[in-house]
Amino acid sequence: MLKHVIGAGMGLLMLAGCGGGPTSREGSFRDTGQPLSVTTRGNGMQDMGGPWFVRGYFPGDGGLAMVTLLPDLGGQEAVEFRSEACLLSGDCESDTEIWQARPLGQNRWQLTRDGEAPRQMWVVWVDDDFRTAAIGTPDGSYGWILDRRAEGGADRLRAAAEILDFNGYDTSRIKVR
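Reference entry: report on the structure contained in this document. Just so it is clear, the model here is predicted, and its values are computed rather than measured. (Residues numbered from 1 in each chain as written. Predicted model: local features only at pLDDT ≥ 70, side-chain atom pairs only at ≥ 80, totals over all residues. Heavy atoms only, no water.)

**Re the state of the cysteines**
Note on terminology: a disulfide is the covalent bond linking the sulfur atoms of two cysteines. The test is simple: The term disulfide is used for any two cysteine sulfur atoms that are within 2.5 Å. Note on exposure labels: buried denotes an accessible area under 20% of the residue type's maximum, exposed denotes more than 50%, and partly exposed covers the range between, all computed with a 1.4 Å probe on protein chains only.
The final tally for this structure, using the stated rule, is 1 disulfide. Each disulfide pairs two cysteine sulfurs, and for Cys 86 the partner residue is Cys 92, the sulfurs being separated by 1.9 Å. For the disulfide bridge between Cys 86 and Cys 92, the dihedral angle about the S-S bond is near 95 degrees, and by the sign convention the bridge is right-handed. Cys 86 sits in the partly exposed class, given a relative accessible area of 33%.

**Let's talk about the environment of Pro 103**
Inclusion rule: Helix and strand assignments come from DSSP, with helices taken as H or I runs of at least 4 residues and strands as E runs of at least 2, each series counted from the N terminus. Contacts are residue-level and defined by heavy atoms, with any inter-residue pair within 4.5 Å sufficient.
Examined against the element boundaries, Pro 103 turns out to sit in strand S6 (residues 92–105). With 25 residues separating them in the primary sequence, Pro 103 and Ala 78 have C-alpha atoms 9.9 Å apart. If near-sequence neighbours (up to four positions away) are discounted, Pro 103 is found in contact with Glu 77, Arg 108 and Trp 109.

**What to know about the side chain of Asn 107**
Considering the arrangement of structural elements, one finds Asn 107 in the loop between S6 and strand S7 (108–112). Ignoring any residue separated from it by four or fewer positions in sequence, one finds Asn 107 in contact with Val 38, Thr 39, Thr 40, Arg 41, Gly 44, Met 48, Met 121, Trp 122 and Val 123.

**Considerations on the pattern of salt bridges**
Applicable threshold: Here a salt bridge means any side-chain nitrogen of Lys or Arg lying within 4 Å of a carboxyl oxygen belonging to Asp or Glu.
A full pass over the atoms with the stated rule returns 7 salt bridges. For Glu 84, the salt bridge goes to Arg 82, with nearest N and O atoms at 2.7 Å. Across the salt bridge formed by Arg 131 and Asp 127, the nearest N and O atoms sit 2.9 Å from each other. Of the residues examined, Arg 131 reaches a relative accessible area of 34% and is grouped as partly exposed. A relative accessible area of 6% places Asp 127 in the buried class. Where salt bridges share partners, they join Arg 55, Asp 147 and Arg 156 into one cluster.

None of the figures reported here should be taken as evidence of function without further support.
Structure below.
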């Protein structure tokens, strides 16, 4: 993830866990020799559309707070990433990035943004009621557990982590909030 540094007063303070967009500087968090599954549940962006809280993430994505799937942004699909970071003083800032999303198949998209390398985003699993989802990418550069709520759903979060593990992710490195 992109790391941001903000000038504050007489010096620079590093933001705690700030990042934006679907990238990781840590390399792969999954065994890429293992196939990555994709759920066939739902109608892609139509069912997955709307805001999701990032409840589980790998190193480098600690500042990523929300992922919003946008089924119709100016006539095409897109994904908005909102990152939040706080200074040591307690002052917090938000940053948003919008990536264009081209469907690759059911629940799979190619994400692009000017000046950034393209990334894929796959819905590996989502529960029956579209409350919790496991998101991954074939190259393993990121993976998230998303939920419609900021709290609760421990059983679904656990299920999403198990699905990521089954798909070759090193879940010993995932942080769950």
